[in-house]
Amino acid sequence: MSSTDHSGWDSGPAAHRDAIAAESARFVEVVRDARLSTLVPGCPGWTLTDLVRHTGSVQRWFSVLLRRLVQEPPRSREVELHLPEHEDGYADWLAASAAEAASTFAVTDPDAPMWAWGADQHARFWMRRMLFETLVHRSDAELALGRRPSIDRGLAADGVDEFLVNLPFAAFFAPTTAALRGNGETLRFRCTDTDGDWLVRLRPDDFGVEQGPGGTEATASADATVEGAAADLLLLLYGRLDRNAEAFQVTGNEELLTRWFTNSAF
């Protein structure tokens, strides 16, 4: 399955694979000549070394899952990382991690059924997840170095969708999401530069996206609304921006908004 928004972004698996390679290459260039002891505000307590190690490790781990097409939750996350002996080898190591992912994609059917922690129980879930893990941490690296991340608006809108659709399944590693319950309250997240528009409803036993891009009447009557450019919304949902920043127009129930942003850390 793939879809194209008004920005021209095609959100299918092939686009995700290409974007992982592009984002990884950008990440490598960001950190190649950087001081890797630099602290990363988006990941408190981490340095750029930690950030690179995490991202490359995730790429290698996801590659293992894809090659095995695992059908149940793995019991171990151990994988051979081949970490560099010296700090100045981390940029090349990250590039090698991306190359390993690309070689895995080349022999993996994105429509192959497999276990995934999110909504889509197919190999393509892990490709899409790897993309936004890489993109957000590339942005973290740039922010840590005082740069403003540039994110394609269509790609960012796809990332907003990926976050909102999968968040209800993340309780086993993001336990505070269990507090996102209610009696039908709704939150709207709308991109001002693409047709991205989502309505999330809190229910007594769960929560989730009730209406995606293209919704009209229901989204117009949300209890709380956050609007902004797709790239800004993506970084907001991941906790890299504050909803009170000038980039956003926020209206509606403040208590509901506080409940969401307090408990939706991913």
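Structural data are supplied above this passage.
For clarity, every value in this text was computed on a predicted model and none was experimentally measured. (Residues numbered from 1 in each chain as written. Predicted model: local features only at pLDDT ≥ 70, side-chain atom pairs only at ≥ 80, totals over all residues. Heavy atoms only, no water.)

A. Fine view of the pairing of strand 2 (residues 197-202). Counting buried residues along strand 2, five of its six residues qualify, which places the element largely inside the surrounding structure. Hairpin connection between strand 1 (residues 186-191) and strand 2: a loop of five residues separates the two successive antiparallel strands. Bridge count between strand 2 and strand 3 (residues 207-211): four bridges; the pairing is antiparallel. Within the sheet, the bridge partner assigned to Leu202 lies in strand 3 and is Phe207. Where strand 2 folds back onto strand 3 in an antiparallel hairpin, the turn is made up of four residues. (Buried < 20%, exposed > 50% of the residue type's maximum accessible area, 1.4 Å probe, protein only. Helix = DSSP H or I, 4+ residues; strand = E, 2+ residues; numbered from the N terminus. Pairing = 2+ DSSP bridges.)

B. Focus on the layout of surface pockets. Approximately 790 Å³ is the volume attributed to the largest pocket. Lining the largest pocket are 33 residues, with His54, Arg129, Glu133, Phe173 and Phe266 positioned closest to its centre. Contributions of two or more residues to the lining of the largest pocket are made by helix 2 (48-68), helix 4 (123-144) and helix 7 (230-237). Of the residues contributing to the lining of the largest pocket, the split by class is 22 nonpolar, six polar and five charged. (1 Å grid on protein atoms, 1.4 Å probe; cavity = no way out; pocket = protein on both sides within 12 Å on 5 of 7 lines; lining within 4 Å. Points joined across faces, edges and corners; volume = space filled by probe spheres on them. Nonpolar A, V, L, I, M, F, W, Y, C, P; charged D, E, K, R; others polar.)

C. Focus on the environment of Asn166. By secondary structure assignment, the location of Asn166 is in helix 5 (residues 153-166). Accessibility expressed as a relative area gives 4% for Asn166, which makes it buried. Linking Asn166 and Glu227, residues 61 residues apart in sequence, is a C-alpha distance of 20 Å. Contacts of Asn166, omitting those with residues within four sequence positions, involve Trp117, Gly118, Ala119 and Phe125. At 3.0 Å, the side chain of Asn166 forms a polar contact with the backbone nitrogen of Ala119. (Contact = heavy atoms within 4.5 Å. Polar contact = N/O pair within 3.5 Å; in protein donor to acceptor, adjacent residues only side chain to side chain.)

Remember, this is a structural readout, not a statement about activity or role.
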